[in-house]
Amino acid sequence: MHTTRLALSLLLGTTLLVACGDDGGDGGDDDILPPDATFFARGEVIDLETGEAIDGTASVLVEGLQSTPTVSVTGAAFEIEVPANSAFHLLASSPPTYRATYNAAIEVGAEDVEGLRLVTVSEDYITTLAEAFGVTPAAGTGIVFLRLLDDTGAPLAGVPGADLLAPEGALGPFFLDADNAPDAEALASSSSGLAVFFDVTPGVTTLTSAPDAETALAAPDSPVASAAVNQADFMRGMKRKWSTMA
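Residues numbered from 1 in each chain as written. Predicted model: local features only at pLDDT ≥ 70, side-chain atom pairs only at ≥ 80, totals over all residues. Heavy atoms only, no water.

Draft legend 1. Examining the overall build of the protein more closely. Per the secondary structure count, the protein includes one helix and 17 strands. Considering the protein as a whole, with its 246 residues, one finds that 45% of them fall into the buried category. In the protein, 67% of the contacts between residues at least 6 apart in sequence involve partners at least 24 apart. Carbon together with sulfur atoms contributes 50% to the accessible area of the protein, which is approximately 11700 Å² in total. (Helix = DSSP H or I, 4+ residues; strand = E, 2+ residues; numbered from the N terminus. Buried < 20%, exposed > 50% of the residue type's maximum accessible area, 1.4 Å probe, protein only. Contact = heavy atoms within 4.5 Å. Areas by Shrake-Rupley, 256 points an atom, 1.4 Å probe, with all protein chains shown as cover.)

Structure below.
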């Protein structure tokens, strides 16, 4: 089992993107959105392990908006109507089979966002990973899956565990193989680019690479909740810009 030193940042508050009005330039009225303008975020909920749409009916919750948006779900497909220029997190699940899973923050500007693929993690998969890595998840903690990505968004192989600073008190990183199966002997990421931390303290966590890391990576601040899962994108060339209340 490979354990790293820890780094945790708890932040309070909610960050929203505010629409900017026209300054009286040449754009004209067509560039100004009405104050009550809304757009849609649409997609489906998929199983993190298989990459396939889940069976049954998904549950999709929105966190990070001041008002509760309209959410419509049909099977694994969802549609959410939100104000223009919004930033928020989506929490996907399908109890009791799939555990509530925070996905990477979503931004909806002045047009609909289509083709979103929200992941959720099955209870059976969590059990399989915990057993393979010799972990008994502590009560009152969360689990964080990292997607290690290059600057084009493709999975990044060969990132050593020593390059990843974990949240304080967490166990890991543990790596998944090319088929998303646990690889207890791996010391670096596979072609799936996936790693996992167990026993992450609830709050808003900041994941960073080590100062002397071979591959410098950064991740947005990510919410972690008790008995929940978070998927965080850890990307080369990314600048942290999200700070959302867990």
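Draft legend 2. A look at the pairing of strand β8 (residues 113-122). For β8, the buried fraction is high: seven of the ten residues fall into the buried class. Pairing between strand β1 (residues 38-47) and β8: six bridges, direction parallel. The residue of β8 that forms the bridge with I46 is V119. Relative to β8, strand β6 (residues 98-102) runs antiparallel, the two being bridged by two bridges. Of the residues in β8, the one forming a bridge with Y98 is S122. (Pairing = 2+ DSSP bridges.)

Draft legend 3. Looking closely at the side chain of S192. Relative to the assigned elements, S192 resides in the loop between β12 (182-183) and β13 (194-200). At a separation of 3.4 Å, a polar atom in the side chain of S192 contacts the main-chain carbonyl oxygen of L176. Sequence-distant contacts of S192, that is, excluding residues within four places in its chain, are made with P155, L176, D177, A178 and N180. (Polar contact = N/O pair within 3.5 Å; in protein donor to acceptor, adjacent residues only side chain to side chain.)

Draft legend 4. Main features of helix α1 (residues 123-133). Turning to α1, its buried residues number three or more, namely Y125, I126, L129, A130 and F133. In a view along the axis of α1, the buried residues occupy a sector of 130°, so they form one face of it. Exposed side chains of α1 directed beyond 90 degrees from the buried face belong to D124 and E131. (Arc of directions from axis to C-beta.)

Draft legend 5. Molecular detail of the pairing of strand β17 (residues 229-235). Judged by how many residues are buried, β17 sits mostly within the fold: seven of seven residues are covered. Neither face of β17 is exposed, since V229, Q231, D233 and M235 on one face and N230, A232 and F234 on the opposite face are all buried. With two bridges joining them, β6 and β17 adopt parallel strand pairing. Residue pairing in the sheet places Y102 in a bridge with N230 of β17. Here seven bridges tie strand β9 (residues 142-149) to β17, and the two strands are oriented parallel to one another.

Draft legend 6. The pattern of salt bridges, seen in detail. Counted by the stated rule, this structure contains seven salt bridges. Linking D233 and R147 is a salt bridge whose minimum nitrogen-to-oxygen distance equals 2.7 Å. One end of the pair, D233, is in strand β17; the other, R147, is in strand β9, and 86 residues separate them in sequence. The class of D233 is buried, set by a relative accessible area of 13%. Judged by relative accessible area, which is 33%, R147 ranks as partly exposed. (Salt bridge = Lys/Arg side-chain N within 4 Å of Asp/Glu carboxyl O.)

Draft legend 7. Inspection of the side chain of D163 at higher detail. Position of D163 relative to the elements: it lies in the loop between β9 and β10 (164-165). Within the structure, the side chain of D163 is placed 3.0 Å from the backbone nitrogen of E214, a separation counted as a polar contact. Apart from the residues within four sequence positions on either side, D163 is in contact with T208, S209, A210, A213, E214 and T215.

Draft legend 8. Looking closely at the nonpolar core. In terms of nonpolar packing, the biggest core is built from 22 residues, with V45, F78, L90, V108 and L118 touching the most fellow members. Among the elements of the structure, β1, β4 (77-83), β5 (86-94), β7 (106-108) and β8 are those that each provide at least two residues to this core. L148, A195, L207 and L217 belong to the second largest nonpolar core, which has 19 residues in total. (Core = buried A, V, L, I, M, F, W, Y, C linked by side-chain atoms within 4.5 Å.)

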